[in-house]
Amino acid sequence: MKRTLFELLHIAAGLVGTALLASAAAWGVPRSAGAIWDVAYVVMAVVAFMGIRPLRLAWRADQESKTGQPSANG
């Protein structure tokens, strides 16, 4: 469970960091705020998508450590 929570925190940190950066950029260039947020939403989707595999591997490692046996799927 520890590895899974750590990966979830990494994803959350990436999403929050992206939102903070987009917010600062939109504040700095208000005329482009719409485009900035459009790009930020795409980046947030990419961050979440890129976190899926490490999250699955962490969950599998947590399950293996709980049961003591390696997964049959490799």
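Everything that follows concerns the structure shown earlier in this document.
First things first, this report covers the structure right here in the doc. For clarity, every value in this text was computed on a predicted model and none was experimentally measured.

For the rest of this paragraph, the subject is the packing of helix α1 (residues 2-28) against helix α3 (residues 52-67). To characterise two packed helices, one gives the angle between the axes of the helices and the distance between these axes. Their axes nearest at 7 Å, the elements α1 and α3 cross at an angle of 165°. Taken together, the axes of α1 and α3 are roughly antiparallel relative to one another. Handedness of the crossing formed by α1 with α3: left-handed. On the side of α1, the interface is formed by Lys 2, Arg 3, Thr 4, Glu 7, Leu 8 and Ile 11, while α3 contributes Pro 54, Leu 55, Ala 58, Trp 59, Ala 61, Asp 62 and Ser 65.

Mapped onto the fold, Thr 4 is located in helix α1. Apart from the residues within four sequence positions on either side, Thr 4 is in contact with Leu 55, Ala 58, Trp 59 and Asp 62.

For the structure shown, the criterion picks out one salt bridge. Note that Arg 3 and Asp 62 form a salt bridge whose closest N and O atoms lie 3.3 Å from each other. Remark: Asp 62 occurs in helix α3 and Arg 3 occurs in helix α1; sequence separation between them is 59 residues. Its relative accessible area of 5% is what places Asp 62 among the buried residues.

Count 3.6 residues to each turn of an α-helix, and residues three or four apart come out pointing the same way. Along its 27 residues, α1 runs 39 Å from first to last C-alpha, staying within 8% of the 39 Å computed at 1.5 Å per residue. Taken residue by residue, α1 has Thr 4, Ile 11, Thr 18, Ala 22 and Ala 26 as its buried positions. Each element contacted by the buried residues of α1 is listed here: α2 (33-50) and α3.

The next subject is α2. Between the first and last C-alpha of α2 there are 25 Å, a value that for 18 residues agrees with the 26 Å anticipated at 1.5 Å per step. Listed as buried for α2 are Ala 33, Ile 36, Ala 40 and Met 44. Seen along its axis, α2 keeps its buried residues to an arc of 75°; they face one direction. Exposed residues lying more than 90 degrees from the buried face of α2 are Val 39, Tyr 41, Val 42, Phe 49 and Met 50. Where α2 is buried, its residues contact α1.

Turning our attention to the environment of Leu 55. Inspection of the secondary structure assignment puts Leu 55 in helix α3. The partly exposed category is assigned to Leu 55, whose relative accessible area is 22%. Spatially, the C-alpha atoms of Leu 55 and Glu 7 are 5.6 Å apart, while their sequence positions differ by 48 residues. Leave out the neighbours within four places in its chain, and Leu 55 touches Thr 4, Glu 7, Leu 8 and Ile 11.

The rules behind each value
Residues numbered from 1 in each chain as written. Predicted model: local features only at pLDDT ≥ 70, side-chain atom pairs only at ≥ 80, totals over all residues. Heavy atoms only, no water. Axes fitted to C-alpha atoms, helices over the stretch in contact; angles between N-to-C directions. Helix = DSSP H or I, 4+ residues; strand = E, 2+ residues; numbered from the N terminus. Parallel < 35°, antiparallel > 145°, perpendicular 65-115°, else oblique. Left-handed = near helix turned anticlockwise from the far one by under 90°. Contact = heavy atoms within 4.5 Å. Salt bridge = Lys/Arg side-chain N within 4 Å of Asp/Glu carboxyl O. Buried < 20%, exposed > 50% of the residue type's maximum accessible area, 1.4 Å probe, protein only. Expected span 1.5 Å × (residues − 1). Arc of directions from axis to C-beta.

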